[in-house]
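The chain contents come next:
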Amino acid sequence: MNVYDSERMGEALNAAGYQSVNVPDEADMVILNTCHIREKAAEKVYSELGRLKKLKDTNEDMIIGVAGCVAQAEGEEMLARAPTVDLVFGPQTFQALPDMLDELADNRADALAENGHIKKAKGVVRTSFPAEEKFATLFETPRQPLVRSPAAFVTVQEGCDKFCTFCVVPYTRGAEVSRAAVEIEAEIISLAQKGVSEITLLGQNVNAWHDEAGGDIGLGQLLRRLAEVAGIERLRYTTSHPRDMDEALIEAHADLPELMPYLHLPVQAGSDKILKAMNRKHTAADYIKLVERIREARPDIALSSDFIVGFPGETEEDFTATLDLVKQVTYAQAYSFKYSPRPGTPASEDPQIEEDVKSERLARLQELLNAQQVHFNKAQTDETLDVLFEKQGKKPGQMVGRSPYLQTVHVDADETVIGKILPVKITKAHANSLSGEILGS
Ligand code: 5AD
Ligand code: SF4
């Protein structure tokens, strides 16, 4: 979601005459887009700002901005603590960027007139945005996508009403809102015309997406419509909640060859007691049954999940239930975290698990998950996978793409492969990627 928001900032700035550069040293403006889903985010931002201050010391005109949820939470505080910052703005206020820049230019002109230099110019803070207005501007303004890749993100849903007891998202991103199907379709047609062939639909709770206009349709029906768009060869969506995985969506996995066989379906934990305390509103058995149903519809589907270890009240037995669930489901990929108490969320007020217990459990879980990931990747050796090539690799003559299962695939080839979907014979599997040869080349 933050990658997408950063892209939208790039688009807004492009319209205001800016172009992107590769390193901060070459930039007239640097924006840090931040997330505070887990703790220490603010500290990381301030230490990064310390590094940027050195650049600004050599280029007084440089503009430094902080965007996203850390900016939202810190507000005016941030200008006081890091005077090097010029812009502070909350999530999804990117439409207002040109406006904020005008205001900053005025403040700098005032400072120059008063003090003879711009150093003490007042920074611009935009953290309060009425929810309705936010969604209206977010979704109604026609996009001018800066298409650099054949794979693009499109936000279809925002916010979350689930209130898992560990999570700040319902407070920071607000209530669930779905974007209208006609607008999504129009954006995807325009992206396809610009050469995009893979779309990932985004939402904090993407499978809660629905559109009441013209009959209440859900994500499954939306995917069927989008699969018809000329030029769209691959569809993905993320992130899903198990509770919103309805039959129509599962059937879309069975019927649509465009819908890629990869699903990020966070379970968080394997103990029913912990799942209840997390307010997930499903049991481990419900999740396993759901996975079985999805695999019935699409037998080769690769699954991914998020896990939290050391949630308040988690005993060794509860943690073992998480390991057992992982062994039963088997994942192609996963993200796992130590529970991090977030101010204002219910679980942060409960007695906490000791840090070293959390660390030890995380290490054990990651060992199992990594072994499953390596096993999944190794199983592709000697197989032929369709790879959509997205960009050049780090090594000369190397191109990088994605398999249907979202694995990164490296081949030796020239740039002409970018944007194409080509069959690749996998020759080597690594922990985080695959290498292979394009067939027929
Ligand atoms: N502590 C640890 N992990 C968290 N996540 C969300 N909130 C917390 C928290 N307080 C994880 C969840 C979620 C992912 C995006 O981040 O696993 O699915
Ligand atoms: Fe957070 Fe996801 Fe739970 Fe919503 S469903 S509260 S975003 S973890």
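Everything numeric in this text was worked out from a predicted model, so none of it was measured.

### Re the overall build of the protein
So, point 1. A tally of regular secondary structure across the protein gives 14 helices and 19 strands.
So, point 2. Its C-alpha atoms give the protein a radius of gyration of 23 Å, near enough to 22 Å, the size a compact globule of 441 residues would have.
So, point 3. With 441 residues in all, the protein has 51% of them scored as buried.
So, point 4. At a minimum sequence separation of 6, the contacts of the protein that also span at least 24 residues come to 70%.
So, point 5. About 20600 Å² of surface is accessible on the protein, with carbon and sulfur atoms providing 51% of the total.

### What to know about the site of ligand 2
So, point 1. The full set of residues close to ligand 2 is Cys160, Lys162, Phe163, Cys164, Phe166, Cys167, Val169, Pro170, Asn205, His241 and Arg280.
So, point 2. Looking at side-chain class alone, the shell around ligand 2 contains seven nonpolar, two polar and two charged residues.

### Observations concerning the site of ligand 1
So, point 1. Surveying the vicinity of ligand 1 reveals the residues Ile37, Arg38, Phe166, Gln268, Asp306, Ile308, Phe337, Lys338, Tyr339, Ser340 and Arg342.
So, point 2. Within the side chain of arginine 38, a nitrogen or oxygen atom sits 2.9 Å from an oxygen atom of ligand 1.
So, point 3. If ligand 1 stood free it would expose 400 Å²; the protein chains cover 87% of that surface.
So, point 4. Looking at the shell around ligand 1, the elements that each hand over two or more residues are strand 13 (302–309) and strand 14 (333–338).
So, point 5. Its residues placed into classes, the shell around ligand 1 shows five nonpolar, two polar and four charged.

### Points about unusual backbone geometry
So, point 1. Cis rather than trans, the peptide bond between threonine 238 and threonine 239 has omega equal to 0 degrees.
So, point 2. Here threonine 239 shows up in the loop between strand 11 (234–238) and helix 10 (247–255).
So, point 3. Notably, lysine 281 is not glycine yet its phi reads approximately 60 degrees, a positive angle.
So, point 4. Positioned with a positive phi, leucine 406 is a non-glycine residue whose angle comes to about 70 degrees.
So, point 5. Within the secondary structure, leucine 406 is located in the loop between strand 16 (398–402) and strand 17 (408–412).

### Let's talk about the pairing of strand 13
So, point 1. Where burial is concerned, most of strand 13 is hidden: eight out of the eight residues are buried.
So, point 2. Where burial is concerned, the two faces of strand 13 agree: the one with Ala302, Ser304, Asp306 and Ile308 and the one with Leu303, Ser305, Phe307 and Val309 are both buried.
So, point 3. Inspection of the sheet shows strand 12 (residues 262–264) paired to strand 13 by three bridges, in the parallel sense. If you follow histidine 264 over to strand 13, its bridge partner there is serine 304.
So, point 4. Summarising the sheet, strand 13 and strand 14 pair through six bridges and their orientation is parallel. Counterpart to phenylalanine 307 in the pairing with strand 14 is serine 336.

### Examining the packing of helix 8 (residues 181–193) against helix 9 (residues 219–227)
So, point 1. Between helix 8 and helix 9, the shortest axis-to-axis distance is 11 Å and the interhelical angle comes to 30 degrees. Between helix 8 and helix 9 lies a crossing of right-handed hand. Of helix 9, the residues touching helix 8 (which contributes Ala181, Val182, Ile184, Glu185 and Ile188) are Leu222, Arg225 and Leu226.
So, point 2. Classifying every residue of the contact of helix 8 with helix 9 gives six nonpolar, no polar and two charged.

### Section: the sheet that holds strand 17
So, point 1. Spatially, 15-16-17-19-18 is the arrangement adopted by the five strands of the closed barrel, whose pairing is mixed. Taken over all neighbouring pairs, the strand axes of this sheet differ in orientation by 55 degrees on average, direction set aside.
So, point 2. Both strand 15 (residues 384–392) and strand 16 contribute to a ladder of four bridges, which runs antiparallel. Each bridged residue has a counterpart across the sheet, and for lysine 391 the counterpart in strand 16 is valine 400.

### Observations regarding the UniProt feature "binding site: [4Fe-4S] cluster" (unreviewed entry) in the protein
So, point 1. UniProt records the feature "binding site: [4Fe-4S] cluster" (unreviewed entry) for Cys160, Cys164 and Cys167 in the present numbering.
So, point 2. You can call cysteine 160 buried: its relative accessible area is 8%.
So, point 3. Within the secondary structure layout, cysteine 167 lies in the loop between strand 6 (157–158) and helix 7 (169–172).
So, point 4. Cysteine 167 has contacts with Ile37 and Thr345, leaving out every residue within four places of it along the chain.

Calculation notes
- Residues numbered from 1 in each chain as written.
- Chains lettered and ligands numbered in written order.
- Predicted model: local features only at pLDDT ≥ 70, side-chain atom pairs only at ≥ 80, totals over all residues.
- Heavy atoms only, no water.
- Helix = DSSP H or I, 4+ residues; strand = E, 2+ residues; numbered from the N terminus.
- Rg over C-alpha atoms; globule rule 2.2 N^0.38 Å.
- Buried < 20%, exposed > 50% of the residue type's maximum accessible area, 1.4 Å probe, protein only.
- Contact = heavy atoms within 4.5 Å.
- Areas by Shrake-Rupley, 256 points an atom, 1.4 Å probe, with all protein chains shown as cover.
- Near = heavy atom within 4 Å.
- Nonpolar A, V, L, I, M, F, W, Y, C, P; charged D, E, K, R; others polar.
- Polar contact = N/O pair within 3.5 Å; in protein donor to acceptor, adjacent residues only side chain to side chain.
- Pairing = 2+ DSSP bridges.
- Axes fitted to C-alpha atoms, helices over the stretch in contact; angles between N-to-C directions.
- Left-handed = near helix turned anticlockwise from the far one by under 90°.
- UniProt positions renumbered as here; feature names shortened; annotations may be inferred.

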